[in-house]
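One-letter residues, chain by chain:
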Amino acid sequence: MTDTTVIDVTSAGVNPYQVHIGHGVRQQIPEWLPHDAQKIMIVHPPILHARAEALREALSAQKEVVLAEVPEGESAKRIEVASFVWGLLGQLDFSRTDAIIGFGGGATTDLAGFIAANWLRGVPIVQVPTTVLGMVDAAIGGKTGINTTEGKNLVGAFHAPHAVVVDLDWLETLPENDIRAGLAEVVKCGFIKDPAILDLIEAQPDEAIRAGSDVLRELITRAIQVKADVVSDDFTDVGAREVLNYGHTLGHAIEHAERYLWRHGVAISIGMVF
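Residues numbered from 1 in each chain as written. Predicted model: local features only at pLDDT ≥ 70, side-chain atom pairs only at ≥ 80, totals over all residues. Heavy atoms only, no water.

**Q** Looking at this structure, I do not really get the packing of aromatic side chains. What am I missing?
**A** The full count for this structure, using the stated rule, is 4 aromatic pairs. On the numbers, 5.2 Å between centres and 65° between planes, the contact of Phe 103 with Trp 170 is edge-to-face. Note that Phe 103 is positioned in strand 5 (residues 99-104) and Trp 170 in the loop between strand 9 (163-167) and helix 6 (176-192), a separation of 67 residues in sequence. Summarising the burial analysis for this pair, Phe 103 and Trp 170 share the class buried. (Phe/Tyr/Trp six-rings, centres within 6.5 Å; stacked < 30°, edge-to-face > 60°. Helix = DSSP H or I, 4+ residues; strand = E, 2+ residues; numbered from the N terminus. Buried < 20%, exposed > 50% of the residue type's maximum accessible area, 1.4 Å probe, protein only.)

So, in structure tokens, the structure goes:
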């Protein structure tokens, strides 16, 4: 495991938490779970079943750990899916001191956060994003939500995570198109606050999309820092946080019109150009 970068998120009125960034940092997940949690639920998509099982085995020496498999992508962000997982939590007698792990891309962490925010009016969640998009945007900031037939993310809650674990090793098997799409949210952060992001991408575009590169790590770290700074000043999105919606008004409309068959980052990139 290489060195770990730690970024603090310190929203007023919300328990502060840390984002841990590095290669192999998932090995330290047990340290960042609530110490008094007896039961852990890992919410994950089917494509990550084997990795979720490995994570379950790694944690089971200390905790009772169960898996909750949910649909892939935006198909997971439905009230029917959330209700299914709440049913599992009820069967497990899941208490307010137990914890959930959101393990997957942005849609999975959105759903897992929403489930955690509403079960017993709020239980701890540790977000473990596995895509660029999830790492730089969805898993950070405490915005959780699901979709309705009328639009994207219309039902949700603000629920800050207990911790966020950004293990860059997950990106090694991520398709290049997913890395490219995730970089849309990175570019967004470059335009709204950190122009060095744009300079890095322009100077080394090939390295920017290569999993494991120092350039991609710096881009992800810089984007996370931008989001951490913004949400620390405006957790509930009543002012300055609105800047993070750059490109999202049209982008979300495109996603909804295309029945979520487009990658989020592709739609947002068009929204930013618009």
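**Q** So what exactly am I meant to see when it comes to the pattern of salt bridges here?
**A** Close approach of charged atoms allows side chains of opposite charge to pair. Applying the stated criterion to the full structure yields 18 salt bridges. Between Asp 137 and Lys 188 there is a salt bridge, and its shortest N-O distance comes to 3.9 Å. With a gap of 51 residues between them, Asp 137 in helix 5 (residues 132-138) and Lys 188 in helix 6 connect regions that are remote in the sequence. The partner of Asp 137 in a salt bridge is Lys 227, with the nearest N and O atoms 2.9 Å apart. Remark: Lys 227 occurs in helix 9 (residues 214-233) and Asp 137 occurs in helix 5; sequence separation between them is 90 residues. With respect to class, Asp 137 is no different from Lys 227; both count as buried. Shared partners join several salt bridges into a network, and the residues in it are Glu 74, Lys 77, Asp 110, Lys 152 and Glu 255. (Salt bridge = Lys/Arg side-chain N within 4 Å of Asp/Glu carboxyl O.)

**Q** Looking at this structure, how should I read the sheet that holds strand 2 (residues 17-22)?
**A** Pairing between sheet strands relies on hydrogen bonds along the backbone, with the strands arranged either parallel or antiparallel. Pairing in this open sheet of 7 strands is mixed, and the strands run 1-2-9-6-5-3-4 from one edge to the other. Two strands lie at the open edges of the sheet, namely strand 1 (5-9) and strand 4 (64-69), each paired on one side alone. Between one strand and the next, the sheet's axes are offset by a mean angle of 15°, whatever the strand orientation. Seen against the sheet, helix 2 (residues 49-59) touches strand 3 (39-44), strand 4 and strand 5 and runs at an angle of roughly 165° to strand 4. Where helix 4 (residues 106-118) meets the sheet, it contacts strand 3, strand 5 and strand 6 (125-129), and its direction lies at approximately 165° from that of strand 5. (Pairing = 2+ DSSP bridges. Axes fitted to C-alpha atoms, helices over the stretch in contact; angles between N-to-C directions. Contact = heavy atoms within 4.5 Å.)

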